[in-house]
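# Topology and contacts: notes
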Amino acid sequence: MNYPLVFRLLGRLLMMEGALMAPSLLVALLHRGGDAPAFLFTIVLTLVCGALPGFLLKPRREDLTARDGMAVAGLSWLLLSFFGALPFVFSGAIPHLADALFESVSGFTTTGSTILRDIEGLPKGVLFWRSFTHWIGGMGVLVFTLAVLPRLSGRTAHLARAESPGPTFSKLLPKMGDTAKMLYGLYFALSLAECACLLLAGMNVYDALIHTFGTAGTGGFSNYNLSVAAFHSPLIEWIIAVFMLLFGINFAIYFHALRREAGPILHSEEMWAYLGLVAFAAVGITAAILPQYPDFFTALRYGFFQTTSIISTTGFSTADFSLWPLIARALLLLLMCTGACAGSTAGGFKMSRVLLLVKSAYRDLEHTLLPRKVSVVRMEGKSVSESTLAQLGVYMFIYLCVFLVGGILMTFDAGDLTTAFTASLTCLSNVGPGLGRVGPAENFAFFSPVSKLILSLLMLAGRLEIYPVLILFSPTVWRKT
């Protein structure tokens, strides 16, 4: 590992985090909730801790290898989550470090799971920072870094690839910095559009920003105990549901739309599969819950909202779906397993991986029946290499192993298998609510500090596509180069 380069980059990331806490400090000062000193102290501490390696270290070479990129990805999210938890602790809003770290990791990884029972009783600045971490983590901390910091070397794509949500990574523009700026431009534009719609629907500025952060980052933190249901507004529910759907689409689609390139959009198998699954699940859930609601359109609103919330891994809720019929909960569990599109702000296994697995399985079945036939798996009109398919199989195996180990470890606290394994799955998939004791009307407060730390690792592993977290436990990555 190139230690001077890695630590210098981590230091500058910490300085950036300190600067990003400034809006929360401003909100704390405006609302006078007593949390301003906590933010001021955290900002100073974060800036100092970041400035020391950020400016004092002078690496002899600035070539960022794949190993360095993976290490930076894993370490940066750990550091940002730790320092991001300090305002919760220093303000007294979440006094225990394990709880604060869980909430911070859940925010940055855009999971949305929480240990808080009385959200509305917390200071406004703390709640603003809690939701703002969703917006920061949504597009990716390192993508943001590449957009605003000077290019470190010709291989900075390793940083973005280390946290890219999907089986493949490609630059939309020749320079990685330009790609990052374009992505954040689209991200900001969609966020601004949603915020404007929510304001027009009757939300105040503070609530609109909080729920925009939660939707854009597909995280789901709300400043109300009842989440979006607290507004009792069908219009607000439809707006948030539509934008959850939009943020679950690969941002490359919006890039092609801006350039008026219809071909890549019309031939995007992943996008059409994603939209088709949403339509199928929404109709199925609506039909299942129809007897519980006064009319079809009310059931459709609840069904569509929860469908887009779960598949986009946002986690907002307007109803306690743990009380819905078994078939409706089964469909939501399916959506929790698949996730949205690669290249979006959503978590989960990703629709592109599901499609590749289905196509690969079909090819193998066909090969069993017709041994002499030579066929190639194709995706988006392009052939997929055998090495990519092999890597996908390995990733799926590791994903299942991590999920199962997490579920088994959670049984010590959960009390039942449904709670234990859906807690593991919802954290690994960055969804937020699960079933049983971690359903939409419950939270994760009953878990022990050790279990919360394990769940925090699962959230980080899910957001970083597992590998950047796992390699931190490998002695090879720590060898000096």
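Everything discussed here concerns the structure shown above.
This report concerns the structure included in the present document. Computed from a predicted model, the values in this text were never measured in an experiment. (Residues numbered from 1 in each chain as written. Predicted model: local features only at pLDDT ≥ 70, side-chain atom pairs only at ≥ 80, totals over all residues. Heavy atoms only, no water.)

### A closer look at the overall build of the protein
As a reminder, the rule being used: We count a stretch as a helix when DSSP gives it H or I for four or more residues in a row; a strand needs E for two or more, and each element gets its number in order from the N terminus. Every radius of gyration here is taken over C-alpha atoms, with the globule rule written as 2.2 Å times N^0.38, N being the number of residues. Charge counting treats Lys and Arg as positive and Asp and Glu as negative, with His and both chain ends excluded. Charge positions come from single atoms, namely NZ of Lys, CZ of Arg, CG of Asp or CD of Glu.
Assigned secondary structure in the protein consists of 21 helices and two strands. Relative to a compact globule of 481 residues, whose C-alpha radius of gyration would be 23 Å, the protein shows 22 Å and is just as compact. Here the protein holds 33 positive side-chain charges and 27 negative ones, and the gap between their average locations is 11 Å.

### Section: the pattern of salt bridges
Which entries qualify depends on this criterion: Each salt bridge in this description consists of a side-chain nitrogen of Lys or Arg and a carboxyl oxygen of Asp or Glu lying within 4 Å of one another. Categorising residues by exposure relies on relative accessible area from a 1.4 Å probe, with only protein chains included: less than 20% of the type maximum marks a residue as buried, more than 50% marks it as exposed, and the intermediate range marks it as partly exposed.
Applying the stated rule across the entire model yields nine salt bridges. A salt bridge links K452 to D99; the nearest nitrogen and oxygen atoms lie 2.5 Å apart. Placement of K452 in helix α20 (residues 449-463) and of D99 in helix α5 (residues 97-108) is noted, with a sequence separation of 353 residues between them. K452 gets classed as buried once you look at its relative accessible area, which sits at 5%. A salt bridge links E465 to K350; the shortest N-O distance between them is 3.7 Å. In this pair, E465 sits in the loop between α20 and α21 (467-470) while K350 sits in the loop between α16 (326-338) and α17 (351-369), placing the two residues 115 residues apart along the sequence. K350 shares its class with E465; the two are buried. What emerges from the salt-bridge pattern is a single network uniting K350, R353 and E465.

### Here we look at the packing of aromatic side chains
Condition: Working definition: a ring pair exists when centres of Phe, Tyr or Trp rings (six-membered ring for Trp) sit within 6.5 Å. Plane angles under 30 degrees give stacked, over 60 give edge-to-face, the rest tilted. Look at NZ for Lys and CZ for Arg. If either is within 6 Å of the ring centre and within 35 degrees of the ring normal, a charge sits over the ring.
In the structure shown here, the tally under the stated rule is 29 aromatic pairs. Each ring, one from Y395 and one from Y467, has its centre 5.9 Å from the other, and the planes form 55 degrees; the classification is tilted. Highlighted residues: Y395 in helix α18 (residues 386-414) and Y467 in helix α21, separated in sequence by 72 residues. For Y395, a relative accessible area of 4% puts it in the buried group. With a relative accessible area of 30%, Y467 lands in the partly exposed category. Chaining the aromatic ring pairs together yields one cluster made of F128, F132, W135, Y184, Y187, Y206, F213, F247, F251 and Y254. Taking NZ or CZ as reference, R353 lies 3.9 Å from the ring centre of Y395, over its face.

### Description of the environment of T114
The test is simple: Contacts are assigned to residue pairs that have any heavy atoms within 4.5 Å of one another. Whenever a nitrogen or oxygen atom comes within 3.5 Å of another N or O atom, the pair is scored as a polar contact, on the condition that within protein one atom can donate a hydrogen and the other can accept it, and that pairs from neighbouring residues in sequence are kept only if both atoms are in side chains.
Note on placement: T114 falls in the loop between α5 and α6 (124-139). According to the relative accessible area criterion, T114 is buried, its value standing at 12%. It is 5.7 Å that separates the C-alpha atoms of T114 and N443, two residues lying 329 residues apart in sequence. Ignoring anything within four residues of it in the chain, the contact list for T114 reads F102, E103, R130, F221, N443, F444 and A445. At 3.4 Å, the side chain of T114 and the side chain of R130 are in polar contact.

### Details of the side chain of S222
In this fold, S222 is placed in the loop between α10 (205-216) and α11 (234-247). A distance of 3.2 Å separates a polar side-chain atom of S222 from the backbone nitrogen of Y224. Setting aside residues up to four positions removed in sequence, S222 forms contacts with I119, R130, I210, H211, S227 and F316.

### Here we look at the nonpolar core
The following threshold applies: By nonpolar core we mean a set of buried residues, namely Ala, Val, Leu, Ile, Met, Phe, Trp, Tyr and Cys, connected to one another through side-chain atoms within 4.5 Å.
Residues I240, F251, Y274, W324 and F444 are the most contacted members of the largest nonpolar core, which totals 118 residues. In terms of residue count, helix α14 (residues 269-289) provides more of this core than any other element does, nine residues in total. If sequence neighbours within four positions are ignored, Y274 has contacts with M244, L245, G248, I249, I311, A340, C341 and M351. Counting ten residues, the second-largest nonpolar core is a separate cluster that includes M1, L9, L10 and V72.

### Notes on the side chain of S104
Relative to the assigned elements, S104 resides in helix α5. Assessed through its relative accessible area of 1%, S104 is described here as buried. Among the polar contacts listed, one links the side chain of S104 to the backbone oxygen of S81, at a separation of 2.7 Å. Excluding anything up to four places from it in sequence, S104 contacts L80, S81, G84, A85 and F88.

### Observations concerning the environment of A98
Relative to the helices and strands, A98 resides in helix α5. In the structure, A98 is positioned 13 residues away from A85 in sequence and 9.2 Å away in space, judged by C-alpha atoms.

### A few points about the packing of helix α4 (residues 66-91) against α6
A pair of packed helices is captured by two measures, namely the crossing angle of their axes and the spacing between those axes. This is how the line gets drawn: Axis geometry follows a simple rule: fit a line to the C-alpha atoms, using only the stretch in contact for helices, then measure angles between N-to-C directions, giving values from 0 to 180 degrees. The scheme is simple: roughly parallel for angles under 35 degrees, roughly antiparallel for over 145, roughly perpendicular for 65 to 115, oblique for anything else. Each residue gets one of three labels, nonpolar for Ala, Val, Leu, Ile, Met, Phe, Trp, Tyr, Cys and Pro, charged for Asp, Glu, Lys and Arg, and polar for the others, Gly among them.
At a minimum axis separation of 10 Å, α4 and α6 run at an interaxial angle of 170 degrees. With respect to each other, α4 and α6 are oriented roughly antiparallel. On α6, the residues touching W77, G84, P87, F88 and S91 of α4 are V126, W129, R130 and G137. When grouped by side-chain class, the residues that make up the contact of α4 with α6 number five nonpolar, three polar and one charged.

### Considerations on unusual backbone geometry
In the Ramachandran plot, S227 falls in the positive-phi region, its phi being about 60 degrees despite a non-glycine side chain. The topology assignment puts S227 in the loop between α10 and α11. One non-glycine residue with positive phi stands out, namely I466, at about 70 degrees.

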